[in-house]
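What follows is each chain in one-letter form.
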Amino acid sequence: MAGKATIPGTGLIVVDMQVDFVTGSLAVPGATELLGPVNEIISLPFAYRVASKDFHPPGHISFATTHGKPLFETITIYPPEDLVAQTGGDIGTIGERGLGQTLWPDHCVQGTRGADIIPGLNVDDTFDIVLKGTHPGVECYSAFKDPWHLLRTDLEGKLHHHEVKDVYLVGLAGDYCVKFTAIDAAKAGFNTFVVTDGVRSVSPGGKEYEEMKAAGVGIIDLIELKRRMQVA
């Protein structure tokens, strides 16, 4: 947005618009429809823009191949002992902190094309990039932190550094990484809005939007976003 007037306090988070989630191993239904709408949203006068990326090492805990189990089976995973110890947690309670984990196809592996932002998306060098899911033993749907709060990205710090108050989200997938990122943004005290024209979900039904609303996240469309951004 260099050379263009921006609206102070506004920030855009583009969530996981990566090859594997659009046309690759874990393609989200309807994701190929998002290029135009998301580029239009990117063009609006946000003061700060950031994109998140799943960035998994080979053998990540979320991969079915890691466990030799069928795709989409659900297992229970536990926080890694080394991370619990490093963060001053009680190792003795690890067995009480299990979480259900869907086993996905290998996706967004570091150093592969599937981890790249999709071609044609206008995520340029004016964007900051936040990487998540980088630890082999920790799943991380939120671009802020993992569900055990053992690993935090620098997203919250970046938003505060750029004096962002109002956060708008688009990307993939609405019922996973968009939802958890939006809820964490609201918990962190940002006025948070998900723009539905720029989101697609794995499962139909829209339950994720009700969950986000219950957590204090606003659900808006592109028309409302343009009104808020003072664009006709």
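Because the structure is predicted, anything quoted here is derived from the model rather than measured.

Rules used in this analysis
Each chain has its residues counted from 1, following the order in which its sequence is written. Where totals are concerned, whole chains, interfaces and linings use all residues; where local detail is concerned, this predicted model gives features only for residues with pLDDT of at least 70, and gives and counts side-chain atom pairs only at 80 or more. In computing side-chain values, all of the structure's heavy atoms are included and hydrogens and water are not. Helix and strand assignments come from DSSP, with helices taken as H or I runs of at least 4 residues and strands as E runs of at least 2, each series counted from the N terminus. Counting of polar contacts relies on pairs of N or O atoms within 3.5 Å, with two restrictions inside protein: one atom must be capable of donating a hydrogen and the other of accepting it, and residues adjacent in sequence are counted only when both atoms are side-chain atoms. Any two residues having at least one pair of non-hydrogen atoms within 4.5 Å are treated as being in contact. A pair of strands is treated as paired once DSSP finds two or more bridges between them. Lines fitted to C-alpha atoms define the axes here, with helix axes fitted over just the stretch in contact, and angles between the N-to-C directions of these axes take values from 0 to 180 degrees. Comment on the angle field: the value is read as roughly parallel under 35 degrees, roughly antiparallel over 145, roughly perpendicular from 65 to 115, and oblique elsewhere. Each residue gets one label: Ala, Val, Leu, Ile, Met, Phe, Trp, Tyr, Cys and Pro are nonpolar, Asp, Glu, Lys and Arg are charged, and the others, such as Gly, are polar.

Engineer: Can you walk me through the side chain of Asp 16 in this structure?
Structural biologist: Following the sequence through the fold, Asp 16 ends up in the loop between β1 (7-15) and α1 (19-22). At 2.8 Å, the side chain of Asp 16 and the side chain of Ser 52 are in polar contact. If sequence neighbours within four positions are ignored, Asp 16 has contacts with Phe 21, Ser 52, Lys 53, Asp 54, Lys 132, Leu 172 and Cys 177.

Engineer: What exactly am I supposed to notice about the sheet that holds strand β5 (residues 128-132) here?
Structural biologist: Two strands in a sheet stick together by hydrogen bonds in their backbones, pointing the same way (parallel) or opposite ways (antiparallel). Strand order in the open sheet formed by six strands is β5-β2-β1-β6-β7-β8, and the pairing between neighbours is parallel. Looking at strand neighbours, the two that pair on one side only are β5 and β8 (218-220), the edges of this open sheet. With direction set aside, neighbouring strand axes in the sheet form an average angle of 25°. Sheet analysis places β1 next to strand β2 (residues 46-54), joined by six bridges and oriented parallel. The residue of β2 that forms the bridge with Leu 12 is Arg 49. Of the strands in this sheet, β7 (191-200) and β8 touch helix α7 (residues 207-214), which is tilted by about 170° from β7.

Engineer: What exactly am I supposed to notice about the packing of helix α6 (residues 177-187) against α7 here?
Structural biologist: Packed helix pairs are specified by the crossing angle of their axes together with the interaxial distance, meaning the distance between the axes. Closest axis-to-axis distance for the α6/α7 pair is 10 Å, and the angle between their directions is 5°. Classified by the interaxial angle, the pair formed by α6 and α7 is roughly parallel. Residue-level contacts link Val 178, Lys 179, Ala 182 and Ile 183 of α6 to Glu 208, Glu 211 and Met 212 of α7. For the contact of α6 with α7, the residue count by class is four nonpolar, no polar and three charged.

Without other data, these values stay purely geometric and don't point to any function.
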